[in-house]
Each structure stands twice: as C-alpha cells, then as structure tokens.
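# Descriptive analysis of the structure
Here's the letter readout for the chains.
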Amino acid sequence: MRNRDIYSLIFILLIAGIALSIVFAPEGRWLFNRDVSIRLGLDLRGGTQVLLRAAESVERSVMQTAAGVIERRINGLGVAESVVQLSGNDRIIVEIPGVANPEQAIETLRGTGKLEFIDTKGEFLAPGTIVRTTGSPNPIALRPATGEITSTETVSPTVPEGPIYESITDGKDLDLNAVQPPQIAGQSLQNQFAVPFAFTGESARRLEQFTAANIQRPMCIVLDNQVFSCPIVQAALVGGRGEITTSTRQDAEQIYTQLKFGALPVPLQVESSRTVSASLGQGSVDASIVAGVVGLAMVALFMMLFYRLPGVLATVALLLYTLISFALYQLIPVTLTLPGIAGFILSIGVAVDANVLIFARLKEELRHGKSLSTAIDAAFVEAWPAIRDSSVATLITCTILFMFGNTFGVSLIKGFALTLGLGILLSLFTSMVVTRTFLHSINSLPFAQNPWLYELKDAPGMRHARETA
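Residues numbered from 1 in each chain as written. Predicted model: local features only at pLDDT ≥ 70, side-chain atom pairs only at ≥ 80, totals over all residues. Heavy atoms only, no water.

To continue, consider the pairing of strand S4 (residues 91-97). The buried fraction of S4 is high, at six of seven residues. Linking strand S3 (residues 83-87) to S4, which pair antiparallel, is a turn of three residues; within it Gly-88 sits at a positive phi near 75 degrees. (Buried < 20%, exposed > 50% of the residue type's maximum accessible area, 1.4 Å probe, protein only. Helix = DSSP H or I, 4+ residues; strand = E, 2+ residues; numbered from the N terminus. Pairing = 2+ DSSP bridges.)

Rendered as structure tokens:
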C-alpha cells in the first residue's frame, strides 16, 4: 500500500470516529457541552404554527424587519429550529416546534417590546390596565440596580376610562446591552425574579430626575402599552438603571426576550394558529426511517450483485456516507423535515451514481490489459469529468431551490435543497476519496486479483499479476 493511501485511510478512520462520537454523543452533548441532538421540524416534532398579520398597511421591507425581530425572539426562547417566513406583503408565518407553552410564545411574538415609564400624577393603576394593547401579566415591582428595594405592594382601584398619561421614557432609548437574563432578586424580595435594564440619552436623564423628585410616589411601568405594576419609588434610578421584578420566572423570561431581541416596527395580530400533533410527527419519522433503511439496503444489494467486490467496498463507503451525513446534520445543525429526509434519501442514489461511473470505467481499463492498481487510477481520472459536471448541475439546482425558499418563504423547499446539496458534496468525498482508498488498500492482496470479483471472465493485466506473484 502506498504511503498516500495509508494517510488517506487514517484520515477516513479519524473522520468516522468523530462522526460516531457525534451521532452517539451521551445525552446529545458533545465537546465543550455542545448540543448535538437531532433537530426535528414542525412536521416531525409537532408544535405550533402561527400566522401573524400587520395591524396596519406597511411596506414589505418593514415586514422583513419584523420577521427578523421575531426570529431573534424565538431564538431567545431556545427554539433554534423554528421557521419564520413572509407570506404576501403583510403576513408572517411562524413555525415553533416542540414549545411547552404555545400561548406564551404567541404573546412574546406579537408584542412590540416597548418599555415605558409613565407619570400618573400620584395615581395608582391596576396591573393589567390597558393603555393601548392587551395582555395579562403577573404583578411586578421596580427597584434601583443598586440601593434599597422598593415595596412590592400595589393598589388596584378602578381607573377612569380614557386618561392619557405622559411617558417619562422613550422605548427607543432602551440600552439592549444592559438588558440581562432573569436572575433571582435580592433577599428582601423572596421568590422574585429580576430583569436588569438601563435607558440612555434623554430618557435616562428624565427617569433619574423623575424618580429623584417623586420619592414615595407611584411610577407605573408599561410594557407593550399595558400596565404591569405601579411600584413606589424608594430611590432615584441613577443613570436610568434599574430592574423589573416579577413573581414568576416565566414572566421574567418573556419580558427579557421582548426587550433584548428588539421591538417590532409594526404591531402584529394573530390571524390564525394551529397545533401539529407530536404523534403524527412520530409516525412520519418511523415511516421515513423504514424508507431510508429499505432504500439503503436495496442500493447496497444492487451494488454487490452487479459490481461484486467494488460493490462491497462501495457499500461500506455508503454506510460511512450515511454516518457522516447524520453527524453533519447534528453538528451544523440541520432541522430535519419530511422534505429534508426525502432529500437525504435521494442523495443516497446520487452518491451511488458516482461509484457506478467509476466501476464501469474500472472494468473497461481491466479489459484493456492494465494492472489493477493502474486501472483504479485511470478509472477515477476518466470518470471524474462526468461526476464533476453532474454534481455541479445538481448543486446549481439546489442553490436555486434554497434561494427560492428564502425569497418566497417556502421552508419545505429549503429543507429539501439543503440536505440534497450537503449529500452531493459529501458524495464527492466518499466516492473520490473513500472508495478510491479502499480499492488501493486491497489491490495488492492475492484474492483481489480474481477477475470474477470485478464481473469479468478474464483480465490480462490481473492474470499477469497472479502469474508473477
């Protein structure tokens, strides 16, 4: 065996070992505690699909900005495999797989994320009082980032209809870098969770001046035009810094997500929502696994029957191809949907197609009297242009489909194009490197010089090798 083939074989074994460690990582955690669990889309995992519509007439560019904000908010909820896509000029489709609380997620999506403090002239407003929008949060309290904690008691008298209150702050001045994940509040606030925040510019100056001049007076907090609470100001919020505290971690996380990941440029209304059953998704997964196993087995049987020894080596390379594919899906990660799985199964056939071209050329070179080693090199050289051109043509198609899915929000096409495109690139590696290395690894063995193993009655070059051995 040549030194180059030894190095290639070591490299292949190393790649296989890494792929195995990813696919069978304990509890879906790999190096540095990275999450490499399999990501399933809405059609396989179950979840919620929401159709949001702009509450007013806006341009498409504004809706694109809103879609970006929603995507960041969903990622903040820890749902990385979600799908956010535009539908027409004023609608956004959001698919959220596997969410534990769909209603909370919907409220987080459609909220504008605007934080304001209003001056009620000493009047208490009941938590949940509508300023401009709706909602139903739990009571919260305000305290300085440093200093004494305010009272968490609130008074809930009936509020006269139609009052207009002056806003002390502007939501645009909110410092997103200062908005931190929920943390347990101080000892004086038991079972409370705090979300730190800070305002900048004119809002910070006005907030500090107002709190300094209104000690022991209420100042109401409004998020998305709804009153959360009217805590008593106990100390000035120096520099416009403070904390919003809630009685539940769930509300704290929702507030954090809305503030941290941006404000929507336009109010959105939920036009429709539906829930996909996880049991239906599991049935699709089971059927896809059966289809994949059957397809892989049929392709392997075909290769071994028609190409014999090279077909056996190609089957081993095909199993390695499957292993590396799933490792890449988990490492990137790729969200698997039914069309995505279809793209993977189709890529198995494409991977075998390259081997078919190579083995056909191999038999021709052996018939011309070349030795096995020389015939292997010649077969790969002669088959490469056809393999390259067919792969490039398929990759161009995959790119067009992926861009089409991005432009028109057709997520099903994107999943198909992504898995098929990855399969094409990986098939080039397995056919041109793995299969070639395997063939060179066995070409010096006595049994490998038997023409029958290559579906030939006689091969002059191989006969000469056997006679001189």
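Once you've had a look at it, read on.
Before going further, it helps to examine the pattern of salt bridges. Under the criterion given, the structure shown has 13 salt bridges. The salt bridge partner of Lys-363 is Glu-455, with a shortest N-O separation of 2.9 Å. A residue pair is termed long-range when its members are at least 10 positions apart, and Lys-363 in helix H8 (residues 338-367) and Glu-455 in the loop between helix H10 (411-442) and helix H11 (460-468) qualify at 92 residues. Shared partners join several salt bridges into a network, and the residues in it are Arg-53, Asp-90, Arg-91 and Glu-271. (Salt bridge = Lys/Arg side-chain N within 4 Å of Asp/Glu carboxyl O.)

At 3.6 residues per turn, the α-helix brings residues three or four places apart onto the same side. An ideal rise of 1.5 Å per residue puts 44 Å on 30 residues; H8 measures up with 45 Å between its terminal C-alpha atoms. Following H8 by one or two positions, Gly-369 adopts a phi angle in the positive range, close to 90 degrees. (Expected span 1.5 Å × (residues − 1).)

This part is about the environment of Ile-15. As for its placement among the helices and strands, Ile-15 is situated in helix H1 (residues 3-23). Along the primary structure Ile-15 and Leu-323 are separated by 308 residues, whereas in three dimensions their C-alpha atoms are 10.0 Å apart.

What follows concerns the state of the cysteines. In this structure the tally under the stated criterion is one disulfide. Sulfur-sulfur distance for the disulfide between Cys-220 and Cys-230 comes to 1.8 Å. The sign of the S-S torsion, about 95 degrees, decides the handedness of the disulfide formed by Cys-220 and Cys-230: right-handed. Of the two residues, Cys-220 is situated in strand S10 (residues 220-223) and Cys-230 in the loop between strand S11 (226-229) and strand S12 (241-246); the sequence distance between them amounts to ten residues. Of the two residues examined, Cys-220 and Cys-230, each falls in the buried class. (Disulfide = S-S within 2.5 Å.)

A surface patch of nonpolar side chains, amounting to about 680 Å² of accessible area, comprises Val-290, Val-294, Met-298, Leu-301, Phe-302, Leu-305 and Phe-306. Mapped onto the elements of the fold, Val-294 is located in helix H7 (residues 278-331). Judged by relative accessible area, which is 46%, Val-294 ranks as partly exposed. (Patch = residues over 30% accessible without salt bridge, like charges linked within 9 Å, V, L, I, M, F, W, Y side chains within 5 Å. Areas by Shrake-Rupley, 256 points an atom, 1.4 Å probe, with all protein chains shown as cover.)

Moving on to the packing of aromatic side chains. Under the definition given, this model contains eleven aromatic pairs. Note on Phe-302 and Phe-306: the rings are 4.8 Å apart at their centroids and 35 degrees apart in plane angle, and the pair reads as tilted. Here Phe-302 pairs with Phe-306, and both are found in helix H7, just four residues apart, close to one helical turn. Here Phe-302 falls in the partly exposed class, since its relative accessible area comes to 38%. On the basis of relative accessible area, Phe-306 is assigned to the partly exposed category, the value being 44%. Above the face of the Phe-402 ring, Lys-414 is positioned so that its terminal group lies 5.5 Å from the ring centre. (Phe/Tyr/Trp six-rings, centres within 6.5 Å; stacked < 30°, edge-to-face > 60°. Lys NZ or Arg CZ within 6 Å of the ring centre and 35° of its normal.)

Okay, the environment of Glu-107 next. Inspection of the secondary structure assignment puts Glu-107 in helix H4 (residues 102-110). According to the relative accessible area criterion, Glu-107 is partly exposed, its value standing at 27%. Placed 163 residues apart in sequence, Glu-107 and Val-270 show a C-alpha to C-alpha distance of 9.3 Å.

In terms of burial, strand S9 (residues 193-198) is a largely internal element, six of the six residues being buried. Both faces of S9 are covered, namely the face carrying Phe-193, Val-195 and Phe-197 and the face carrying Ala-194, Pro-196 and Ala-198. Two elements, strand S8 (residues 183-184) and S9, share two bridges in a ladder whose sense is antiparallel. Looking at S9, one finds that Ile-184 is bridged to Phe-193. Pairing analysis gives six bridges linking S9 to S12, with the strands arranged antiparallel. Looking at S12, one finds that Val-195 is bridged to Ile-244.

A word on the side chain of Asn-355. Inspection of the secondary structure puts Asn-355 in helix H8. Discounting chain neighbours no more than four positions away, the residues touching Asn-355 are Met-303, Ala-314, Ser-431 and Thr-435. (Contact = heavy atoms within 4.5 Å.)

The subject of this paragraph is the sheet that holds strand S13 (residues 268-276). Pairing is antiparallel in the open sheet, where four strands are placed in the order S3-S4-S2-S13. Across the chains shown, the open sheet's two edge strands, defined by having one partner strand only, are S3 and S13. This sheet shows a mean twist of 20 degrees between the axes of neighbouring strands, independent of strand direction. (Axes fitted to C-alpha atoms, helices over the stretch in contact; angles between N-to-C directions.)

No statement about biological role is implied by the geometric values presented.
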